[in-house]
Amino acid sequence: MNRVAQVFQSMTYGPAPEASDAARAWIAAHTSDSAALKLFIDNRWVASSDRQTYETHNPATGDLLARVADGGEADVDVAVRAARRAFGAWSAAAGHVRARHLYAIARAIQKHARLFAVLEALDNGKSIRETRDLDIPLVARHFYHHAGWAQLFETELAGYQPLGVVGQVIPWNFPLLMLAWKIAPAIALGNTIVIKPAPATPLTALLFAEIAADAGLPPGVINVVTGGDRAGAALTAHADIDKIAFTGSTNVGRIIRRVTAGTGKRLSLELGGKSPFVVFDDADQDAAIEGLVDAIWFNQGQVCCAGSRVLVQEDIADGFLDKVRTRMAKLRVGDSLDKGIDIGAIVDAQQRDIIDGWVKRGVAEGADLFQPNIELPTTGCWYLPTLLTNVQPASSVAQEEIFGPVAVAMTFRTPKEAVALANNTRYGLAASIWTENVNLALDIARRVKAGSVWVNCTNMFDAAAGFGGYRESGFGREGGREGLYEYIRPVWEVRPRPAVPENADVSQWAAHVPTLPKPLNGGHANGGIPALDRTAKLFIGGKQARSDGNYSRPVLNADGDIVGEVSDGNRKDIRDAVEAAHAASGWAYRSGHQRAQILYYIAENLNARADEFARRIASMTGAAADAAAREVAAAVDRWFTYAAYADKYGGTVQETTLRGIVMALVEPIGVIGIACPDAAPLLAFTSLVAPAIARGNTVVAIASETYPLSATDFYQVLETSDVPAGVVNIVTGARDHLTRTLAEHDAVDALWHFGGAVGSYYVEQLSASNMKRTWVDYGVARDWYDAHQGAGAEFLREATQVKNIWVPSGE
Ligand code: NAD
């Protein structure tokens, strides 16, 4: 029988290999005489200073592709210097000039798309179909889109400046795409770059840097240091870096949070995930199954936002999962350069063993295992598509990121239970929701805690929509207007470079409440007659509450006289306040109009007591009467500002390539801890608390340690302004001690600390435990009266996170 007839008879696929000659020729040209591929610094190929190299292999065959320079600390330093030299001219160039460069890069990527796609498939083991149709087109799209932001810099981003030299560290699962997500916005906005690719996948980064230089990019704007974790560590620790942008595992993200703590370096972290794929009983099941193939078997499941937790409504679960198993048996696993395969190779043997270890653990914990009977290639690194059913929500395979082609399935009965299960994770990167009921889909989309929510679709990405996590999936966004702010700062701000405390011992910081400085002498101020005890209580859950420890502390004026007493709060009080703040989470779902009404009411009630508040400020701080009155007036003005913003910052529609609608919802973060400064005690308290609650967060505020009475007087304003119980909780006492409890508390979602450089360091260190978002002052005072430093866009951004909801349209 001839071959065509045989194929018709068996109906099997034949191989459809993509040629790799050009990619291999590029490697050969850069490794002549068995030399290793060098680093790319200042638009030149540079050998690593200690001549160390390592090998990169093709995971689909195990073949050696190339030896590559293994950069270290000295190389990182050379690259950072090059980037610093380039920064002046690059940041000063007109937006149009930078736009022309990004545009040229985008064109060059399209011109060399085939070479990039093949080289990426070879180095990573992912299928050429995916690199050709997804990775590389999205890379080009990112540069086009950000060429536009460079062009519009002066008009759309007036009042901002670039950060400086940015260190970027990326993983191996989408090597070139992660590079593009990082580099395009950074250079568009005038920063210069040192990037370290993942050790397993260095090749396309080097090709990219070479092509960008050929396209005319000035030396030093992009520098590539290949190497392992030591190069990454050297980059994150380098003193002359202004920002670190990291994509990778949550564990390494945590290390980087600690390494950069207190240094004043900006940080964005795109970390792991365990994203839910939720199927309701009215879903188009065939579409959902194809969606699931894309959600968890795309890129071998080595996808941070993989739909790895399949949540199926109970009444269709058995039938749906049977269909999934049938579909799994049709998946084709094979060489990345074969255009007919669905699943490529796992990046390396170590990763494969990790995946297998998780699957074995899941089975040991009681899960049922399904792997289809698919033939695997004999050489290379493979893992069968895997489905685990009968999985308990608390089991390790339902909680931990496996980062391989492994789906775990669970069932739910009601939408409420679906949301509870979807959110039963420390991560919050993405979610996919399948139902034909648009009302249900959008309701669930709002309630799921994740940065990207895909309705009846999955794994949708575009340069015009931000991507990034809630909770332990990290903070910061890549793409969209929201992603731009990761690479710019207001023009009034310079990068703080605080001295990190020497021999800092996190376990010892503020562990004890300081002893009281003075005995109480309330009687003296009253002609010998003891005054009535007016010790201010705490304000927790809408009530004035006695502190757990039952201690109090005096408030002294500028002359050292006692002008009042406040409760000395402790750990327990903070914990109670956090609980109350959580119980008030319904505040986030009030309409902006309702929140605005309450904030206006606060302003009104504060205004009615303006004289009393001014007298208090004057007596505590020693401010002149007119200065104190000015502070109160500014605080009233500020409550008005955020009442205004309560219904004017909710989001926008993103102009992506999707045929449909992508909504960027600007959501609250959750519970925000706020440690207030001593300067301008009423105005600073207002400037921090007002934006947080205007945008739907609930707050645990630590009043100014030195001048707390403006905050305690404020209880009565809150009580008379219809603020729901628990939305604002106020604790007085030793700021650092109370801050420490907030930083260590896993139910606090963000922590703002305006209490000096040392506190900033410890807050950033301790907040790494649950990757809470931090906003600290590094010891740099701000002018709370200034309209930019004391209010506005920066405050609103810190109080919110962007969720993009993707809704395709059409039949
Ligand atoms: P990884 O965290 O092990 O490594 C990522 C990068 O960090 C590599 O370049 C590595 O060399 C470097 N690195 C390792 N230790 C370092 C240190 N101490 N200091 C500085 N750099 C260091 O992650 P990986 O295994 O390469 O990638 C998989 C992880 O990436 C998964 O957890 C996945 O979810 C995550 N990821 C997240 C996103 C996202 O956008 N959120 C995208 C892709 C991948």
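Here the structure is a predicted model, which means the values were calculated and not measured.

Reading the values: the criteria
Residues numbered from 1 in each chain as written. Predicted model: local features only at pLDDT ≥ 70, side-chain atom pairs only at ≥ 80, totals over all residues. Heavy atoms only, no water. Helix = DSSP H or I, 4+ residues; strand = E, 2+ residues; numbered from the N terminus. Buried < 20%, exposed > 50% of the residue type's maximum accessible area, 1.4 Å probe, protein only. Contact = heavy atoms within 4.5 Å. Areas by Shrake-Rupley, 256 points an atom, 1.4 Å probe, with all protein chains shown as cover. Lys, Arg positive; Asp, Glu negative; His and termini not counted. Charge placed at Lys NZ, Arg CZ, Asp CG, Glu CD. Pairing = 2+ DSSP bridges. Near = heavy atom within 4 Å. Polar contact = N/O pair within 3.5 Å; in protein donor to acceptor, adjacent residues only side chain to side chain. 1 Å grid on protein atoms, 1.4 Å probe; cavity = no way out; pocket = protein on both sides within 12 Å on 5 of 7 lines; lining within 4 Å. Sits in = over half its atoms within 2 Å of the grid points. Expected span 1.5 Å × (residues − 1). Arc of directions from axis to C-beta. Axes fitted to C-alpha atoms, helices over the stretch in contact; angles between N-to-C directions. Points joined across faces, edges and corners; volume = space filled by probe spheres on them. Nonpolar A, V, L, I, M, F, W, Y, C, P; charged D, E, K, R; others polar. Salt bridge = Lys/Arg side-chain N within 4 Å of Asp/Glu carboxyl O. Parallel < 35°, antiparallel > 145°, perpendicular 65-115°, else oblique. Left-handed = near helix turned anticlockwise from the far one by under 90°. Phe/Tyr/Trp six-rings, centres within 6.5 Å; stacked < 30°, edge-to-face > 60°. Lys NZ or Arg CZ within 6 Å of the ring centre and 35° of its normal. Core = buried A, V, L, I, M, F, W, Y, C linked by side-chain atoms within 4.5 Å. Disulfide = S-S within 2.5 Å.

**Section: the overall build of the protein**
- In terms of helices and strands, the protein carries 27 helices and 31 strands.
- Counting only C-alpha atoms, the protein reaches 115 × 65 × 45 Å along its principal axes.
- The buried share of the protein, taken over its 811 residues, is 60%.
- For the protein, restricting intrachain contacts to residue pairs at least 6 apart in sequence, the fraction spanning at least 24 positions comes to 76%.
- For the protein, the accessible surface area stands at approximately 30700 Å², while carbon and sulfur atoms represent 51% of it.
- Separation between the mean location of the 76 positive side-chain charges and that of the 90 negative ones in the protein comes to 1 Å.

**Overview of the pairing of strand β22 (residues 552-556)**
- The buried fraction of β22 amounts to four of the five residues, a majority that puts the element mostly inside the structure.
- Relative to strand β23 (residues 562-567), β22 runs antiparallel, the two being bridged by five bridges. The partner of leucine 556 across the bridge, within β23, is isoleucine 562.
- In sequence, β22 turns back onto β23 through a hairpin of five residues, with glycine 560 there showing a positive phi of about 90 degrees.

**Focus on the site of the ligand**
- Taken together, 29 residues lie around the ligand, and Ile170, Asp229, Ser249, Leu271 and Glu401 are the ones closest in.
- One of the backbone N or O atoms of leucine 271 is found 2.8 Å from a nitrogen atom in the ligand.
- Side-chain polar atom of glutamate 401 to an oxygen atom of the ligand: 2.5 Å apart, as the coordinates give it.
- Burial of the ligand by the protein amounts to 90% of the accessible area it has alone, namely 850 Å².
- With respect to the detected pockets, the ligand is housed in the second largest pocket.
- Listed by contribution, the elements that provide at least two residues to the shell around the ligand are α10 (229-237), β9 (243-247) and α11 (250-260).

**Looking at helix α22 (residues 625-645)**
- Compared with an ideal rise of 1.5 Å per residue, which puts 21 residues at 30 Å, α22 spans 31 Å between its outermost C-alpha atoms and is within 8% of the ideal.
- Those residues of α22 lying buried are Ala628, Glu631, Val632, Ala634, Ala635, Val636, Arg638, Trp639, Tyr642 and Ala643.
- Against α20 (592-608), α21 (610-621), α23 (681-694), α24 (709-719) and α27 (793-798) lie the buried residues of α22.

**Considerations on helix α2 (residues 21-30)**
- Of the residues making up α2, those classed as buried are Ala23, Trp26, Ile27 and His30. Down the axis of α2, the buried side of the element spans an arc of 95 degrees, and every buried residue falls inside it. Exposed residues pointing more than 90 degrees away from the buried face of α2 are listed as Asp21 and Ala29.
- The inward-facing, buried residues of α2 abut β2 (44-46), β4 (64-69), α5 (113-124) and α9 (203-214).

**A short note on the sheet that holds strand β17 (residues 452-455)**
- Read from one edge to the other, the open sheet built from ten strands follows the order β13-β14-β15-β12-β11-β16-β17-β31-β25-β24, with strand pairing classed as mixed. A strand with exactly one partner marks an edge of an open sheet, and here the two such strands are β13 (368-370) and β24 (651-654). Sheet twist, expressed as the average angle between the axes of neighbouring strands with direction ignored, equals 20 degrees.
- Packing of helix α14 (residues 349-364) onto the sheet brings it into contact with β13, β14 (386-389) and β15 (406-412), and relative to β14 it is tilted by some 25 degrees.

**Considerations on the pairing of β9**
- Of all five residues making up β9, five are buried, and the element is well covered by its neighbours.
- Of the two faces of β9, the one carrying Lys243, Ala245 and Thr247 and the one carrying Ile244 and Phe246 are both buried.
- Note that β9 and strand β10 (residues 266-270) share five bridges and pair parallel. Counted as the bridge partner of alanine 245 is serine 268 from β10.

**Re the layout of surface pockets**
- Computed from the structure, the second largest pocket encloses a volume of approximately 1100 Å³.
- Looking at the lining of the second largest pocket, the elements that each hand over two or more residues are α10, β9, α11 and α14.
- Looking at the lining of the second largest pocket, the element that brings in the most residues is α11, giving six residues.
- For the lining of the second largest pocket, the class distribution of residues is 21 nonpolar, eleven polar and seven charged.

**Regarding the side chain of asparagine 423**
- Mapping asparagine 423 onto the fold places it in the loop between α16 (415-422) and β16 (430-434).
- Setting aside residues no more than four positions away along its own chain, asparagine 423 makes contact with Arg447, Val448, Lys449 and Arg471.

**Quick word on the pattern of salt bridges**
- Summed over all chains, the structure comprises 42 salt bridges.
- Its salt-bridge partner being arginine 257, residue glutamate 764 comes within 3.1 Å of it at the nearest N-O pair. One end of the pair, glutamate 764, is in helix α26 (residues 757-766); the other, arginine 257, is in helix α11, and 507 residues separate them in sequence. The pair glutamate 764 / arginine 257 is uniform in exposure class, with both members buried.

**Some words on the environment of valine 689**
- By secondary structure assignment, the location of valine 689 is in helix α23.
- When residues no more than four places from it in sequence are discounted, the contact partners of valine 689 are Trp639, Ile674, Val699, Ala701 and Val728.

**Re the packing of helix α4 (residues 95-111) against helix α6 (residues 128-151)**
- It is the contact of α4 with α6, at a shortest axis distance of 7 Å, that shows an interaxial angle of 170 degrees. One finds that α4 runs roughly antiparallel with respect to α6. Considering the relative orientation of α4 and α6, their crossing is left-handed. Listed contacts from α6 to Gly95, His96, Arg98, Ala99, Leu102, Tyr103, Ile105, Ala106, Arg107, Ile109 and Gln110 of α4 are Ile136, Val139, Ala140, Phe143, Tyr144, His146, Ala147, Ala150 and Gln151.
- When the residues that make up the contact of α4 with α6 are grouped by side-chain class, the tally is 13 nonpolar, five polar and two charged.

**Thoughts on the packing of aromatic side chains**
- Enumeration over the complete set of coordinates arrives at 25 aromatic pairs.
- A ring pair is formed by tyrosine 103 and tyrosine 144, whose centres lie 5.8 Å apart and whose planes are at 65 degrees; its orientation type is edge-to-face. In this pair, tyrosine 103 is assigned in helix α4 and tyrosine 144 in helix α6, connecting sequence segments 41 residues apart.
- Relative to phenylalanine 467, the ring of phenylalanine 461 has its centre 5.7 Å away and its plane inclined at 70 degrees; by these criteria the two rings are edge-to-face. Of the two residues examined, phenylalanine 461 and phenylalanine 467, each falls in the buried class.
- Feature note: the residues Trp752, Phe754, Trp775, Trp784 and Phe795 constitute an aromatic cluster, connected by ring pairs.
- Over the face of the ring belonging to tyrosine 589 we find arginine 447, whose NZ or CZ atom lies 4.8 Å from the ring centre.
- Between the NZ or CZ atom of arginine 630 and the centre of the ring of tyrosine 785, over which it lies, the distance is 4.2 Å.

**Concerning the nonpolar core**
- Among the nonpolar cores identified, the biggest contains 117 residues, and Phe143, Ile187, Phe208 and Trp297 are the most heavily contacted of them.
- Looking at this core, the element that brings in the most residues is helix α8 (residues 175-188), giving eleven residues.
- Every residue in contact with phenylalanine 208, bar those within four places of it in the chain, is listed here: Ile105, Ile109, Phe116, Phe143, Leu176, Leu179, Ile183 and Ile222.
- Of all hydrophobic cores here, the second largest spans 58 residues; its members include Ala596, Ala634, Trp775 and Phe795.

**Topic: the state of the cysteines**
- This structure, assessed with the given rule, holds zero disulfides.
- Unpaired in terms of disulfides, cysteine 305 finds its nearest cysteine sulfur in cysteine 304, a separation of 4.4 Å.
- Considering cysteine sulfurs only, cysteine 305 is the nearest to cysteine 457, which forms no disulfide, with 12 Å between them.
- Judged by relative accessible area, cysteine 457 falls into the buried class, the value being 8%.

**Notes on unusual backbone geometry**
- In this structure, glutamine 300 is a non-glycine residue whose phi angle is positive, near 60 degrees.
- Considering the arrangement of structural elements, one finds glutamine 300 in the loop between α12 (285-297) and β12 (309-313).
- Positive phi outside glycine occurs at asparagine 390, with the angle close to 60 degrees.
- Looking at where asparagine 390 falls in the secondary structure, it is placed in the loop between β14 and α15 (396-399).
- You can call asparagine 390 partly exposed: its relative accessible area is 45%.

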